[in-house]
Amino acid sequence: MKKRTMDRRKALRGAGSVLIALPLLEAMLDGNGEALAQTGAAPKKCFGILFCGQSTTKDNDAAALSTFVPAAFGGGYTPTPAFAPLALHGDVRANVSLVSHLKIPWTAAGAAPAGGWTGLFHVAAKAPLLCASTEYTTSADQLVAAALSGSDAFKSLQFCAQASWYLNGDDYYGRDVISYSNGSRLPQQHSPRAAFQALFGTFVPPDGGSATANAKAQTELTRRRSILDLVLGERDRVLKDLGAGDKIRLEKHFEEVRALERRLAAAPPTTTATCSKPSDPGADPAVTGGLDEGGFDVNAGYSQEFERARTFCDLIHMAFACDMTHAATMMITTFQSHMLAHAIDPAIRADVHEIGHLSDATTAHLRKVIAWHVDHFAYLVDRLRATPEGANTLLDRTVLVFKQEGGAGVSPENTRAPSTHSTENMAMLVAGGALSGLKLGQHIDGKQAHPGSVLLAAAQAVAGAGAIPAFGAISQPLAALKA
């Protein structure tokens, strides 16, 4: 019996211009389940970055680094408490390598070294971390996007789970951006609702949309029980022609879409004039007020960032599964994050940034904050791994990187060592699968290499060395990360 094939770009179309992309089904693959049936080409790979706005140490805490980075190198490493969530979510340790002892070069005076920095940490060290350059050029995700986007519905996705800057009398000033293209900032989407509508429902402009237009779109979405209702007829026709395995996979996809809708519908409506930097799309978790520097107020500084991050993880997962994009980033917290950490642990009476500086905030507190971020990374890795695609999984064609703002060592700002404002002894997590060509399940000694060498290796594993020969000032990928 001849196998029925389906184009990879197949999508379900319904009333109101609603379009729902489909995951990779057996009907879209060849007989071996590894290449696209229509073209014979391998499915495109995907690339993602998750960011944590905190370092791996506290000021003047010489023992802190050892509580973050395992002592032994090689396979089968035991995660420290800060990286303990890797053992949760189905245990993703075999799919994740930890690269430690990385360093962004710096100087205390004069011109910054190539790919390095001098001056103020939260300002000058940002470009080297994001673009491997002393200036803002192009970030790794945008190098991948340029190489792979093609006819994608979205060239790339940029999400930020932290809903507000939270420091009274101040503003982000670019500290909520990790994606750059030719020196230009690509704005982050702070609203899970707007992101969901853009990807899977009635479109709401991420920037500059009028309050009237946004309210109308929100009313329309509320009126509908589910965007899936609008594609019901075509969904039934497609299901009728699919094999048993594809039917199960597609029904699971529909349930994931419904679960996202239910999560957003259950969120309390915003009580502020604007939900975040983008125009207010509607029922996102309410954004609270800010804090004075070093201040503490359980009713301010936190706007359900855990739930926001989870929703963005689910959206990245589905956007990759549906080939809507092949490059995505999410800032779990921003650079110099002032999100209150009390929701992470009620014993912490400080925001994420001040934990690194306050004497009454402990290293144990910092570990819990980092683990809170790593938990989202591990969750997304597990979601990708649990998505079958023929003979492989979605994780097999994805490379996902987790990076932090700083490390543990000396800072050019002062003589304090270690300092939370240091780019020495930095650590990164790299996850992927059988198709990435990267060494996984290892603790790798970076031997003072630039973090950009890790990102270059990851980007080349997705797009190819020919498409991305260099990244900023870095021309050689980290060899120890390659399988």
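Preceding block: the structure.
The shown structure was predicted, so the numbers you read here are calculated from the model rather than taken from an experiment.

Draft legend 1. Summary view of the overall build of the protein chain. If you tally the helices and strands in the protein chain, you get ten helices and 14 strands. Scored against the burial criterion, the 483 residues of the protein chain give a buried share of 59%. In the protein chain, the share of contacts with a sequence separation of at least 24, taken over all contacts with a separation of at least 6, comes to 70%. Of the roughly 17,800 Å² of accessible surface on the protein chain, a fraction of 54% belongs to carbon and sulfur atoms.

Draft legend 2. Highlighting helix α9 (residues 363-385). If you check α9, its first and last C-alpha atoms are 32 Å apart, about what 23 residues at 1.5 Å a residue would give, namely 33 Å. Among the 23 residues that make up α9, 18 are buried, leaving the element largely enclosed by the rest of the structure.

Draft legend 3. A look at the pairing of strand β14 (residues 442-445). The sheet contact formed by strand β4 (residues 74-75) and β14 spans two bridges and is antiparallel. Considered in β14, the bridge of Gly 74 is made with His 443. Sheet topology note: the strand β5 (residues 96-102)/β14 ladder contains three bridges and is parallel. Paired with Leu 98 across the two strands is His 443, which belongs to β14.

Draft legend 4. Spotlight on helix α10 (residues 451-463). Along its 13 residues, α10 runs 19 Å from first to last C-alpha, staying within 8% of the 18 Å computed at 1.5 Å per residue. Most of α10 is tucked away, with 13 of its 13 residues classed as buried.

Draft legend 5. Geometry of the pattern of salt bridges. For the structure shown, the criterion picks out 13 salt bridges. Its salt-bridge partner being Asp 314, residue Arg 263 comes within 2.9 Å of it at the nearest N-O pair. With Arg 263 in helix α7 (residues 244-266) and Asp 314 in helix α8 (residues 305-321), this residue pair connects regions lying 51 residues apart in the sequence. As a salt-bridge pair, Asp 314 and Arg 383 come within 2.6 Å of each other at their nearest N and O atoms. Placement of the pair is Asp 314 in helix α8 and Arg 383 in helix α9, with a sequence separation of 69 residues. With respect to burial, Asp 314 and Arg 383 carry one shared label: buried. A cluster of three or more residues bridged by salt bridges with shared partners is formed by Glu 256, Arg 263, Asp 314 and Arg 383.

Draft legend 6. Representation of the packing of α8 against α9 in the model. It is at 10 Å that the axes of α8 and α9 come closest, and there the two elements cross at 25°. Taken together, the axes of α8 and α9 are roughly parallel relative to one another. Judged by the sense of rotation from one axis to the other, the crossing of α8 with α9 is right-handed. Taking contact as the criterion, the partners of Glu 305, Phe 306, Ala 309, Arg 310, Cys 313, Asp 314, Ile 316, His 317 and Phe 320 in α8 are, on α9, Trp 372, Asp 375, His 376, Tyr 379, Leu 380, Arg 383 and Leu 384. In terms of residue class, the contact of α8 with α9 is made up of nine nonpolar, two polar and five charged.

Draft legend 7. Layout of the pairing of strand β6 (residues 157-160). Neither face of β6 is exposed, since Leu 157 and Phe 159 on one face and Gln 158 and Cys 160 on the opposite face are all buried. Looking at chain direction, β6 and strand β9 (residues 327-331) are connected through four bridges and run parallel. Note on β9: the bridge partner recorded for Cys 160 is Met 331.

Draft legend 8. Examining the sheet that holds β6 more closely. The strand order across the open sheet built from eight strands is β4-β14-β5-β13-β12-β3-β9-β6, with neighbouring strands paired in mixed fashion. If you trace the sheet from one side to the other, it starts and ends with β4 and β6, each paired once. Two strands pair when backbone bridges link them, and β5 and strand β13 (residues 426-431) are joined in this way by five bridges, in the antiparallel orientation. Looking across to β13, one finds that Val 99 is bridged to Met 428.

Draft legend 9. Spotlight on the nonpolar core. Ranked by internal contacts, the top residues of the largest apolar core, which has 85 residues, are Leu 86, Val 96, Phe 159, Leu 315, Met 330, Phe 377 and Leu 429. Phe 47, Phe 335, Met 428 and Ala 463 belong to the second-largest nonpolar core, a separate cluster that totals 47 residues.

Draft legend 10. Fine view of the packing of aromatic side chains. Throughout the structure, instances matching the rule amount to seven aromatic pairs. Ring geometry for Trp 117 versus Phe 121: centroids 5.8 Å apart, planes at 65°, classification edge-to-face. The cationic tip of Lys 126 hangs over the ring face of Phe 335; the distance from NZ or CZ to the ring centre is 5.3 Å.

Draft legend 11. Spotlight on unusual backbone geometry. We note that Asp 323 has phi near 55°; this positive angle belongs to a residue other than glycine. Mapped onto the elements, Asp 323 comes out in the loop between α8 and β9.

Draft legend 12. Focus on the environment of Tyr 302. With respect to the helices and strands, Tyr 302 occurs in the loop between α7 and α8. Not counting residues up to four positions away in its chain, the partners in contact with Tyr 302 are Tyr 166, Thr 288, Glu 307, Met 339, Leu 340, Ala 343 and Trp 372. Within the local environment of Tyr 302, its side chain forms a polar contact with the backbone nitrogen of Glu 305, the two atoms lying 3.5 Å apart.

Draft legend 13. How the structure looks around the packing of α7 against α8. Contact geometry for α7 and α8: axes closest at 11 Å, N-to-C directions at 155°. With respect to α8, the element α7 is oriented roughly antiparallel. Crossing of α7 against α8: the hand is left-handed. Residue-level inspection shows His 253, Glu 256, Val 257, Leu 260, Arg 263 and Leu 264 of α7 in contact with α8, the latter providing Arg 310, Thr 311, Asp 314, Leu 315, His 317 and Met 318. Grouping the amino acids of the contact of α7 with α8 by side-chain chemistry returns five nonpolar, three polar and four charged.

About the thresholds
- Residues numbered from 1 in each chain as written.
- Predicted model: local features only at pLDDT ≥ 70, side-chain atom pairs only at ≥ 80, totals over all residues.
- Heavy atoms only, no water.
- Helix = DSSP H or I, 4+ residues; strand = E, 2+ residues; numbered from the N terminus.
- Buried < 20%, exposed > 50% of the residue type's maximum accessible area, 1.4 Å probe, protein only.
- Contact = heavy atoms within 4.5 Å.
- Areas by Shrake-Rupley, 256 points an atom, 1.4 Å probe, with all protein chains shown as cover.
- Expected span 1.5 Å × (residues − 1).
- Pairing = 2+ DSSP bridges.
- Salt bridge = Lys/Arg side-chain N within 4 Å of Asp/Glu carboxyl O.
- Axes fitted to C-alpha atoms, helices over the stretch in contact; angles between N-to-C directions.
- Parallel < 35°, antiparallel > 145°, perpendicular 65-115°, else oblique.
- Left-handed = near helix turned anticlockwise from the far one by under 90°.
- Nonpolar A, V, L, I, M, F, W, Y, C, P; charged D, E, K, R; others polar.
- Core = buried A, V, L, I, M, F, W, Y, C linked by side-chain atoms within 4.5 Å.
- Phe/Tyr/Trp six-rings, centres within 6.5 Å; stacked < 30°, edge-to-face > 60°.
- Lys NZ or Arg CZ within 6 Å of the ring centre and 35° of its normal.
- Polar contact = N/O pair within 3.5 Å; in protein donor to acceptor, adjacent residues only side chain to side chain.

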